[in-house]
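One letter stands for each residue in the lines below.
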Amino acid sequence: MRLPVVLSLLATLCAAGSALAADPVKVPSPAQTEQRQKMTDCNQQATTQSLKGDDRKKFMSQCLKAETKPATAGMTPQQEKMKTCNADAAKKELKGDARKTYMSTCLKKAS
């Protein structure tokens, strides 16, 4: 008589355990997806500008607080060119006179 009771109790516990283990996969909300994309974009910009430490933290904070708009909005063509040349020089890890020469040459090029 005890065996059927124990078996039914065991079957109930197994069924309840498997039902609890099947958590549905959560899909991020549009706001979460947008924030993740913004974080990725800001992180890429900080890396392009070779920012580190406190400068990077400050940039990331400002970037994430900013409204979603192109990074070059409101910049003059000369400012855009300067930003591009500066990022390229940073990628090439140029320092001192080599950087000055590169920046001069890059800024003189036609857009």
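From a predicted model like this one, the values you see are computed outputs, not experimental measurements. Numbering of residues starts from 1 in every chain and runs along the sequence as written. The predicted nature of this model means local features are confined to residues of pLDDT at least 70 and side-chain atom pairs, given and counted, to a pLDDT of 80 or more, with totals for whole chains, interfaces and linings taken over all residues. Water and hydrogen atoms play no part in the side-chain values, which are based on all heavy atoms of the structure.

Brief notes about the confidence of the model for the chain
If pLDDT is low for a region, its predicted coordinates should not be looked at in detail. A score between 0 and 100, pLDDT records how confident the predictor is in each residue. Residues at a pLDDT of 70 or more form 80% of the chain, whose mean pLDDT is 81. Mean pLDDT across the elements of the chain ranges from a minimum in helix α1 (residues 2-21), with 67, to a maximum in helix α5 (residues 96-108), with 91. Runs of H or I in DSSP of at least four residues are treated as helices and runs of E of at least two as strands, each being numbered from the N terminus.

A word on the state of the cysteines
In this description, the term disulfide denotes a pair of cysteine sulfurs within 2.5 Å. Evaluated as defined, the whole model comprises two disulfides. At a sulfur-sulfur separation of 1.9 Å, the disulfide partner of Cys42 is Cys63. Disulfide Cys42 to Cys63: torsion about the S-S bond roughly -80°, handedness left-handed. On the criterion of sequence distance, the pair formed by Cys42 in helix α2 (residues 30-48) and Cys63 in helix α3 (residues 53-65) is long-range, its members being 21 residues apart. You'll find Cys42 and Cys63 in the same group, each marked buried. In this model, Cys85 is linked to Cys106 through a disulfide, with the two sulfur atoms separated by 1.9 Å. Taking the torsion about the sulfur-sulfur bond, which here is approximately -80°, the covalent link between Cys85 and Cys106 counts as left-handed. Taken as a pair, Cys85 in helix α4 (residues 77-91) and Cys106 in helix α5 lie far apart in primary sequence, 21 residues in all. Relative accessibility under 20% of the residue-type maximum defines a buried residue, over 50% an exposed one, and the middle range a partly exposed one, all with a 1.4 Å probe and only protein chains included.

Focus on the packing of α2 against α3
Here an angle of 0 to 180 degrees is reported between the N-to-C directions of two axes, which are lines fitted to C-alpha atoms, with helices fitted over the stretch in contact. Running from amino to carboxyl end, α2 crosses α3 at an angle of 140°, the nearest separation of the two axes being 9 Å. The crossing of α2 and α3 is right-handed. On α3, the residues that touch Gln35, Lys38, Met39, Cys42, Asn43, Gln45, Ala46 and Thr47 of α2 are Arg56, Phe59, Met60, Cys63, Leu64 and Lys65. Residues are sorted three ways: Asp, Glu, Lys and Arg are charged, Ala, Val, Leu, Ile, Met, Phe, Trp, Tyr, Cys and Pro are nonpolar, and all the rest, Gly among them, are polar. When grouped by side-chain class, the residues that make up the contact of α2 with α3 number seven nonpolar, four polar and three charged. Less than a right angle of anticlockwise turn of the near helix away from the far helix marks a crossing as left-handed, whereas a clockwise turn marks it as right-handed. What makes two residues a contact is simply this: any of their non-hydrogen atoms within 4.5 Å.

With respect to α4
How far a helix is expected to stretch is found by multiplying one less than its residue total by 1.5 Å. Taking 1.5 Å of rise per residue, 15 residues should cover 21 Å, and α4 covers 21 Å from first to last C-alpha, within 8% of that figure. In the core, the buried residues of α4 are packed alongside α2 and α5. Following α4 by one or two positions, Glu93 adopts a phi angle in the positive range, close to 55°.

Quick look at α3
The first and last C-alpha atoms of α3 sit 19 Å apart over 13 residues, in line with the 18 Å expected at 1.5 Å per residue. The set of residues buried in α3 consists of Phe59, Met60 and Cys63. Along α3, the residues classed as buried sweep out an arc of 100° about the axis, all on the same side. Across from the buried face of α3, at angles greater than 90 degrees, the exposed residues are Asp54, Lys57, Lys58, Gln62 and Lys65. Elements in contact with the buried residues of α3: α2. Directions drawn from the helix axis to the C-beta atoms are what define this arc.

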